[in-house]
Amino acid sequence: MPYLTGTAVGTASTGAVLGLGIPGYAHPLLAPAEWGGLTRPGTPLHWVVLNVSRGPGTRPDPLCLEAAGRLRNAGVRVLGHLDTTYGARRLGELLSDAYRYLRWYRVDGFVLNRCPTERTALPEVRRTVTALRELLDGGHIVLGHGTHPYPGYMEHADQLVTFSGSWSDYRWSQVAEWTADHPPERFCHFVHGVPRGHLDEALRIARWQGAATIYFTDRTDRGGRTDPWETMPGYWDDIVSLVGPGVSE
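Parameters at a glance
- Residues numbered from 1 in each chain as written.
- Predicted model: local features only at pLDDT ≥ 70, side-chain atom pairs only at ≥ 80, totals over all residues.
- Heavy atoms only, no water.
- Buried < 20%, exposed > 50% of the residue type's maximum accessible area, 1.4 Å probe, protein only.
- Helix = DSSP H or I, 4+ residues; strand = E, 2+ residues; numbered from the N terminus.
- Pairing = 2+ DSSP bridges.
- Right-handed = clockwise from strand over helix to strand, strands pointing away.
- Polar contact = N/O pair within 3.5 Å; in protein donor to acceptor, adjacent residues only side chain to side chain.
- Axes fitted to C-alpha atoms, helices over the stretch in contact; angles between N-to-C directions.
- Contact = heavy atoms within 4.5 Å.
- Salt bridge = Lys/Arg side-chain N within 4 Å of Asp/Glu carboxyl O.
- Phe/Tyr/Trp six-rings, centres within 6.5 Å; stacked < 30°, edge-to-face > 60°.
- Parallel < 35°, antiparallel > 145°, perpendicular 65-115°, else oblique.
- Left-handed = near helix turned anticlockwise from the far one by under 90°.

### With respect to the pairing of strand E5 (residues 140-144)
1) Next: Of all 5 residues in E5, 5 are buried; the element is thus mostly enclosed.
2) Next: With burial as the criterion, each face of E5 is covered, one bearing His140, Val142 and Gly144 and the other bearing Ile141 and Leu143.
3) Next: With 5 bridges connecting them, strand E4 (residues 109-113) and E5 associate as parallel partners. Bridging across to E5, Leu112 finds its partner in Leu143.
4) Next: The parallel pair E4 and E5, bridged by helix H4 (residues 122-136), forms a crossover whose chirality is right-handed.
5) Next: When E5 meets strand E6 (residues 159-166), the two strands line up parallel, connected through 2 bridges. Among the inter-strand pairings, Leu143 is bridged to a residue of E6, identified as Leu160.

### Observations concerning the side chain of Asp83
1) Next: Its place among the elements puts Asp83 in strand E3 (residues 78-83).
2) Next: Looking at Asp83, its side chain comes within polar contact range of the main-chain nitrogen of Thr85, at 2.9 Å.

### A word on the sheet that holds strand E8 (residues 213-217)
1) Next: With respect to topology, 8 strands assemble into a closed barrel ordered E1-E2-E3-E4-E5-E6-E7-E8, the strand pairing being parallel. Strand-to-strand twist across the sheet, computed as the mean angle between neighbouring axes with direction ignored, equals 25°.
2) Next: In this fold helix H3 (residues 91-105) packs onto strand E2 (45-50), E3 and E4, with an angle of close to 155° to the strand it touches most, E3.

### A short note on the pattern of salt bridges
1) Next: Taken as a whole, this structure holds 11 salt bridges when the rule is applied.
2) Next: Here Asp97 makes a salt bridge to Arg100, at a shortest N to O gap of 2.4 Å. Pair noted here: Asp97 and Arg100 are both in helix H3, with a separation of 3 residues, about one helical turn.
3) Next: The partly exposed category is assigned to Arg100, whose relative accessible area is 22%.

### What about the packing of aromatic side chains?
1) Next: One pass over the structure, following the stated rule, counts 12 aromatic pairs.
2) Next: Aromatic pair Trp47 and Phe190: ring centres 6.1 Å apart, planes at 80°, arrangement edge-to-face. With Trp47 in strand E2 and Phe190 in strand E7 (residues 187-192), this pair connects stretches of sequence that are 143 residues apart. Residues Trp47 and Phe190 agree in their burial class; the two are buried.

### Description of the packing of H3 against H4
1) Next: Where H3 meets H4, the closest approach of the two axes is 11 Å, and the angle between their N-to-C directions is 25°. Considered as vectors, H3 and H4 are oriented roughly parallel to each other. Of the two elements, H3 crosses H4, and the hand of that crossing is right-handed. Facing H3, whose interface residues are Leu91, Leu94, Leu95, Ala98, Tyr99 and Leu102, H4 presents Glu124, Arg127, Thr128, Ala131, Leu132, Leu135 and Leu136.

Quick look at the structure:
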């Protein structure tokens, strides 16, 4: 099995409970069923990303306010979406977006999407995370690298997204050896294009590679032309049942 490495195998016996991290559905006006389905009792959610309009938007959105409020009332952590553009966006811009998320939607933390991975970018990301934690007075920070970054990033976030991509890449992926020094609760995997018949295999890969927060979908990015995370998987009920509360290995 190419996705296994010697140092990562030990993470499979940690007993970590898998749960879903929702990378960000389309606006509630376009995806009402998706947002409504998230508050069903027993849905194993770790957190949900709110991405109003490539960020918080320019004014409070009533439908997003309602969606975020329902999730908070259900005890689900809501995270704001901040696009770092691989380090190109200035700290002031990111903090301005973060402030609006907090003021309007009372988010519990942030996902820094398109986060840099290089060692040289770490000081600026550390500065950003420190400022966000001060703004949040704590909160939950996820760095959305999409691949394995320089290990030092682990010291400054609650979770890292170490895989975001297609099933064809995921099923042959290998985990970085340094991840074995950290519990599965620190890692997230997002995979699109997963056929229903391969859900069990995808879950095994996540467990063996040591990722406790996952999102699998049969939607695809159509060669980069669409966002595969915007709509709910066709097998949503199946994945909720498979991941379900208390499911671990």
